[in-house]
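# Observations on the three-dimensional arrangement
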Amino acid sequence: MREKSSNSIQKNVFNSNYLQRATSASGEIFGAFRAWPVWIYLSLNDIRTKYRRAALGPLWLVFGIGIALSGMALAWSVIFGVSWREYVPYMISGMLVWQLISGYILQSCDMFTGEFSGLIKSLPAPPIIYALRFVMRGLWLFLHYLPFWVCVAVATGTWPTVESIPYFVLGLFMTLVTALSVSVIVGMMAARFRDLSPAIGALMTPAMMVTPVMWKPEMLGEYGVYAKMNPLTHYVEVLRAPLLGHAPGEESLIAVGVMAAFFSLLAFILYRRYRYTLVLWV
Amino acid sequence: MAEAVLQVKNVNLKFPLYSAESRSFRNAIRNVALGSRIGVNSAGKGAVEALRDINLSLYGGDRLGLVGSNGAGKTTLLKLLAGIYAPTQGGVLRNGIVTTLFDIGLGMDGDATGLENIYLASYLRGMQKRNINDITDEIVEFAELHEFIHMPVRTYSAGMATRLAFSLATAFTPDILLVDEVFGTGDAKFIKKSEKRMADLMSNARVLVIASHNTEIIKKFCNKALLMRSGQQIKLGDVDDILSLHASEV
C-alpha cells in the first residue's frame, strides 16, 4: 500500500533493535550489552578526540604522570624510610589504580547531566548505553599507563607473574562491574540531587588519604584494621597486588566480589525504577 | 484489522517539578528525618500535566502530522512515541524500530572527521557496522563533501556541516520515523535536493509522525493530522479539515 521509492540506498538496515527502549529494564540492559560495537566505538572516539592535534598524544599522559609519580615515590620512600625498590612500585601501582577508581567516582557525577544530556533528551536509546561508554573510556585511559608500568617494572625489578596476571584480570573485571553500577547509581542520584556532585568532589581527596595508596596498612600498626573497613582499600588491593606479582588477599577478593554484586543489584533496582525519570532530571 | 505499528492508549503524562529546594540532599534527609507530615518540602512539589487522554493507533502507511500552537504538546508527544518519556498512566506500543529526527546535528563531534562523524551518528542511532560501511559513499556524495570528508567537521563551513548532518540523519529508513521541525539547510539547490530525500525517507518509513508549524509540509507528507491544544488531542482526522480547524483557531 505504500509506494516504493527509487532511492535504493534508503533501505531498512536496522537488523537489531538493541538500541531501542524495552518494556523491561533487564531487556534494555541486555540489549545495551549486545550493542557492544556501539559503546566500544563511541568510547574509542572519545579517546581519539582527546588527542587530536597533539603530536605525541597519549604519551603526554604517561610522561606527565610518570615524572610526577616517580619523583613523589622516590621522595616518599625516603620520608617513610623504606627501600625505594620496594616502595616505588608499591606507590606508583597504587596511584595508577587510584586514578582509575577515583576517576570513575568523580566523573560519574556529571555523566548524565553533562555531555550525554542532549543525547538522553533526543534519542530513543536506553541511558545505560552512556554508562557503558563511560566505563569503557575509563578503561582505555587506564590501559595507557601500561607502558609506564613496564618502565617501572624494569627499573625496580618488580614484575607481575604468570600466577598473578589472572588475578589482575579478575580484579579488573570486578572493578569494571562496580564502575558500571556505581556510575549508574551516582549518575542518577547526582542528576536528581545537585548537591551530590560537589560533595563527592570534596570527599575524594580525603578519601585518598585514608586509603592505603601511598602508605601501607602495616605502617598504621594496631590501627591497620581500620584501613580494612574502607571499601576502597580492597579495590586498590585486588588491582595492585597482581601488578606487584602476588595474589591479592582473600578477604579483599571476597569484599570486592560482594560489593560488586551489591552495587549491581542496587544499580539495577534504581535503573528499573528511574530509567524514564532520568530524562527529566538531566 | 492489521496490527497497529504505533499505538497510544489512554496516556497521561505528568512532569514533576524540581526546584533547588526539592533537589537538595539536605531537604531529602530532613524530610525523611521529620516525616512527611511536617511538609517542609511542600513548596517544591508539584507536577505539570504535559499530556492528557491521548489515544492513537497508527497502521502501516499512516503519515500523521501534529499541529497546534506552541506549547500544545507536539514535541512532548513525539518524545513519548519515541520512548524518551514514559507515560504516567496508560501505555504506548511500538512495533518496529524507531528513529528520531529532532536535533539534526546531534552527537556530532567537531574534532572528528566527517567520516568518523558518520560512524558516530549512525552507531548512536543503532546501526551496525557493515551497514554503515555500505552507505558512507552515498552520504559523502549526497552531502557534496568529496575530499573534505577526511577533514575535521570543525573546519567545515556552516553549510557543509548542516549538509553532512542532514545527509546522515536521513540515510536510514526506520519502521517508525518521528520528525520535529527539520528543514531548510544549505543553499537553494541543496534545499531542493534535501526535500526530495526527505520525501523518499518519509514515504519509505512504515509510519511517520511529524510535528510542524509549516502547513505546506503537513499537506505534502501527511495523510492524517492531529490537532493538539494544551497537551490534549482536540481532533484527529483528514489533513485539510484539521488544518482549516487549526487556522480558524489562530
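It should be emphasised that the depicted structure is a prediction, and the values quoted were computed from it without experimental measurement. (Residues numbered from 1 in each chain as written. Chains lettered and ligands numbered in written order. Predicted model: local features only at pLDDT ≥ 70, side-chain atom pairs only at ≥ 80, totals over all residues. Heavy atoms only, no water.)

To continue, consider the environment of Pro127(A). Residues and elements named next belong to chain A. Note that Pro127 resides in the loop between helix H5 (117-122) and helix H6 (128-144). The class of Pro127 is buried, set by a relative accessible area of 1%. Excluding its chain neighbours within four sequence positions, the residues that come into contact with Pro127 are Arg21, Glu28, Phe112, Tyr271, Arg275 and Leu278. (Helix = DSSP H or I, 4+ residues; strand = E, 2+ residues; numbered from the N terminus. Buried < 20%, exposed > 50% of the residue type's maximum accessible area, 1.4 Å probe, protein only. Contact = heavy atoms within 4.5 Å.)

Residues and elements named next belong to chain A. As annotated by UniProt and renumbered to match this structure, "transmembrane region" (unreviewed entry) occupies residues 58-81, 87-106, 139-159, 165-189, 196-215 and 252-271. Along residues 196-215 the backbone is 70% helical and 0% strand, and the end-to-end C-alpha distance reaches 29 Å. Across residues 252-271 one finds 100% helix and 0% strand; the C-alpha atoms that close the span lie 28 Å apart. (UniProt positions renumbered as here; feature names shortened; annotations may be inferred.)

Attention now moves to helix H7 (residues 188-204) of chain B. Its 17 residues give H7(B) an end-to-end C-alpha distance of 25 Å, which sits within 8% of 24 Å, the value for a rise of 1.5 Å per residue. Within the sequence span of H7(B), burial applies to Phe190(B), Ser194(B), Arg197(B), Met198(B), Asp200(B), Leu201(B), Met202(B), Ser203(B) and Asn204(B). (Expected span 1.5 Å × (residues − 1).)

Attention shifts here to the interface of chain A and chain B. Taken together, the contact pairs 47 residues of chain A with 58 residues of chain B. Across the chain A to chain B interface the summed buried area is about 4700 Å²; carbon plus sulfur atoms make up 57%. Applying the counting criterion to the chain A and chain B interface returns 1 salt bridge. Our count for the contact surface shared by chain A and chain B stands at 7 residue pairs in polar contact (both at pLDDT 80 or more). Sorting the residues of the side of chain A that touches chain B by element identifies helix H2 (36-51), H5, helix H8 (164-192) and helix H13 (278-281) of chain A as the ones contributing at least two each. Broken down by element, the side of chain A that touches chain B gets its largest block of residues, 7 residues, from H2(A). For the side of chain A that touches chain B, the class distribution of residues is 22 nonpolar, 14 polar and 11 charged. (Buried area = accessible area lost by both parts, 1.4 Å probe. Salt bridge = Lys/Arg side-chain N within 4 Å of Asp/Glu carboxyl O. Polar contact = N/O pair within 3.5 Å; in protein donor to acceptor, adjacent residues only side chain to side chain. Nonpolar A, V, L, I, M, F, W, Y, C, P; charged D, E, K, R; others polar.)

For the rest of this paragraph, the subject is empty space enclosed by the protein. Applying the stated criterion to the full structure yields 4 cavities of 30 Å³ or more. Computed from the structure, the largest cavity encloses a volume of approximately 50 Å³. (1 Å grid on protein atoms, 1.4 Å probe; cavity = no way out; pocket = protein on both sides within 12 Å on 5 of 7 lines; lining within 4 Å. Points joined across faces, edges and corners; volume = space filled by probe spheres on them.)

On to the layout of surface pockets. Roughly 510 Å³ of internal volume is contained in the largest pocket. Around the largest pocket, the lining is made up of 21 residues, and of these Arg21(A), Ala22(A), Thr23(A), Tyr276(A) and Arg94(B) lie nearest the centre. No other element matches strand E4 (residues 89-94) of chain B, which puts 4 residues into the lining of the largest pocket. Partitioning the lining of the largest pocket into residue classes produces 10 nonpolar, 8 polar and 3 charged.

Residue and element names in this part refer to chain B. Applying the stated criterion to the full structure yields 14 salt bridges over all chains. With a shortest N-O distance of 2.9 Å, Arg52 and Glu49 are connected by a salt bridge. Judged by relative accessible area, which is 38%, Glu49 ranks as partly exposed. As a salt-bridge pair, Glu138 and Arg197 come within 2.8 Å of each other at their nearest N and O atoms. Of this pair, Glu138 sits in helix H5 (residues 129-143) while Arg197 sits in helix H7, and the two are 59 residues apart along the sequence. Judged by relative accessible area, which is 3%, Arg197 ranks as buried.

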